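A closer look at the structure
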Amino acid sequence: MFADNERISWIQMERQFALAYLGPVVLWTGTGLSGRTGLCSILLGTIFLCVWVFFLLRQVHVYRYPEKYWGRGMSRIIAGIYQIYLILTASWMIAQISEIITEYFVQGISVWVAAGILTLVSLGGSQNVQARGRFAETAWPVVCLLVGGMFFLAAFQIEPEMWKAAEDSYSIWRLEEGKEILWGMGWFLTMFLGASLIPFLVIQVAPKGGHAGSLFRTIGRIGLWQGAIVLILLGTFGKNGAKALKYPMLDLMAGVRLPGGFIRRIDLIFLTIILFALIFSLGSLFFYSKYIWQRVGLCRGRGIAVILSFLLGTSPFGRNVFTAEYPRLMLCIFLPFFLILTVCNAFLRRKS
């Protein structure tokens, strides 16, 4: 499908993956994972995700030639299910990001205008394989350095008494904590459900562009970032304080001050960087919406997916009902489907 000069390197693929997940991880980790149970969920979820990605990497040939293994009709049905996942996720992100824009950046602006600008900007970053790879390769070190530096400043707000109080409340393990860990692990995997797209990303990587081990290191680093977020929030807001906040990391950054006080609104700088990462994530969803159709021999563009995502993300139904049910929809329907698909692909690959 792509010529050799249209491939990307492993490091470009690795940084695309990291940049696409930075925004969601930073904004929403604290709302679903907290305390000791949250750390355990992150650890178990990271291990499970690495195992899942290991099997996905062994099935790249199935994704490269889907009609050979599934047949034309079934491969297009599977591609259609991927499209539904991409549209629902893109619409959820449009609803969430446009809300952030109207609440923190341009108050009073129409949600339709904010979502329209957001969609157009994200489309500009979803055009070409190599352009996306070079952009992520250049942008990730700068974004990582800035966000990491802000995390370092936020760590000075930690109150050891909060950690001690949380440790005292976890004196013994209880059955309820085990259930909470399993629920948190499911929430973690739902957050990283886009990992099911990794084989499509690997197809675009040059054969001599590096090694797949870099992807596992990236997953491990993201897990460490999430663990650091949980620990900082625990030490700042207490055991359950972060769960009561809509965007706990933004509330945390609102109290961060640089020595000398020459920058007063660290939270707005932090949110700008995260918004930049979220726009890249949305552009990735639109890019693969077109790319997956191409893998099954259909020359459809992204137009329908973009329009549906925009309408779902801006309509009253999408914003009030669908966005609230999105995590449960991903956990109960799409996560089992993609796991079952991985097992079926392994069986077909072995049989072939």
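Residues numbered from 1 in each chain as written. Predicted model: local features only at pLDDT ≥ 70, side-chain atom pairs only at ≥ 80, totals over all residues. Heavy atoms only, no water.

Re the overall build of the protein chain
Tallying secondary structure elements over the protein chain gives 15 helices and 0 strands in all. Residue pairs at least 24 apart in sequence account for 86% of intrachain contacts in the protein chain once pairs closer than 6 positions are excluded. Looking at the protein chain as shown, the accessible area adds up to about 16200 Å², and 67% of this sits on carbon and sulfur atoms. (Helix = DSSP H or I, 4+ residues; strand = E, 2+ residues; numbered from the N terminus. Contact = heavy atoms within 4.5 Å. Areas by Shrake-Rupley, 256 points an atom, 1.4 Å probe, with all protein chains shown as cover.)

Notes on the packing of aromatic side chains
Going through the model one piece at a time under the given rule, you end up with 24 aromatic pairs. Residues tyrosine 82 and phenylalanine 200 carry aromatic rings whose centres are separated by 5.4 Å and whose planes lie at 90 degrees to one another, so their mutual orientation is edge-to-face. Within this pair, whereas tyrosine 82 is found in helix α5 (residues 72-105), its partner phenylalanine 200 is found in helix α10 (residues 198-203), the two being separated by 118 residues in sequence. The pair tyrosine 82 / phenylalanine 200 is uniform in exposure class, with both members buried. Measuring from ring centre to ring centre gives 6.4 Å for phenylalanine 200 and tyrosine 291, while their planes differ by 85 degrees; the resulting arrangement is edge-to-face. Remark: tyrosine 291 occurs in helix α13 (residues 266-295) and phenylalanine 200 occurs in helix α10; sequence separation between them is 91 residues. (Phe/Tyr/Trp six-rings, centres within 6.5 Å; stacked < 30°, edge-to-face > 60°. Buried < 20%, exposed > 50% of the residue type's maximum accessible area, 1.4 Å probe, protein only.)

Some thoughts on the pattern of salt bridges
Applying the stated criterion across every chain, the model contains 4 salt bridges. A salt bridge links arginine 72 to glutamate 67, with the shortest nitrogen-to-oxygen separation between them at 3.9 Å. Given the relative accessible area of 31%, glutamate 67 is considered partly exposed. Put simply, arginine 328 and glutamate 325 hold a salt bridge, and the shortest N to O gap is 3.7 Å. You can see arginine 328 and its partner glutamate 325 sitting in helix α15 (residues 316-351), 3 residues apart, about one turn around the helix. (Salt bridge = Lys/Arg side-chain N within 4 Å of Asp/Glu carboxyl O.)

Quick notes on the confidence of the model for the protein chain
One rule of thumb: low pLDDT means the predicted coordinates there are not for detailed reading. Residues at a pLDDT of 70 or more form 88% of the protein chain, whose mean pLDDT is 83. Counting interchain partners and residues more than four positions distant, the pLDDT-below-50 stretch residues 1-5 has 7 contacts. (pLDDT = per-residue confidence, 0-100.)

What about the environment of phenylalanine 152?
Along the chain, phenylalanine 152 falls in helix α7 (residues 129-154). By relative accessible area, phenylalanine 152 is classed as exposed at 54%. The spatial distance from the C-alpha of phenylalanine 152 to the C-alpha of isoleucine 232 is 9.7 Å, given a sequence separation of 80 residues.

Details of helix α6 (residues 111-124)
For α6, with 14 residues, the first-to-last C-alpha span of 20 Å sits near the 20 Å given by 1.5 Å per residue. Residues of α6 that are buried make contact with α5, α13 and α14 (303-314). Sitting at the amino-terminal end of α6 is serine 110, which places a side-chain oxygen 3.2 Å from the backbone nitrogen of tryptophan 112. (Expected span 1.5 Å × (residues − 1). Polar contact = N/O pair within 3.5 Å; in protein donor to acceptor, adjacent residues only side chain to side chain.)

Structural notes on the packing of helix α1 (residues 10-32) against helix α11 (residues 213-237)
At a minimum axis separation of 10 Å, α1 and α11 run at an interaxial angle of 20 degrees. On the basis of their axis angle, the class for α1 and α11 is roughly parallel. The way α1 lies across α11 gives a crossing that is right-handed. Residues Trp10, Met13, Glu14, Phe17, Ala18, Tyr21, Leu22, Val25, Val26, Thr29 and Gly30 of α1 pack against Ser214, Leu215, Thr218, Ile219, Arg221, Ile222, Trp225, Gln226, Ile229, Val230 and Leu233 of α11. (Axes fitted to C-alpha atoms, helices over the stretch in contact; angles between N-to-C directions. Parallel < 35°, antiparallel > 145°, perpendicular 65-115°, else oblique. Left-handed = near helix turned anticlockwise from the far one by under 90°.)

Focus: the nonpolar core
One finds Leu49, Tyr82, Val147, Phe151, Met249, Met253 and Phe270 to be the most contacted residues of the largest nonpolar core, which totals 107 residues. Among all residues touching leucine 49, those that are not within four sequence positions of it are Phe188, Leu189, Phe192, Ala195 and Ile219. (Core = buried A, V, L, I, M, F, W, Y, C linked by side-chain atoms within 4.5 Å.)

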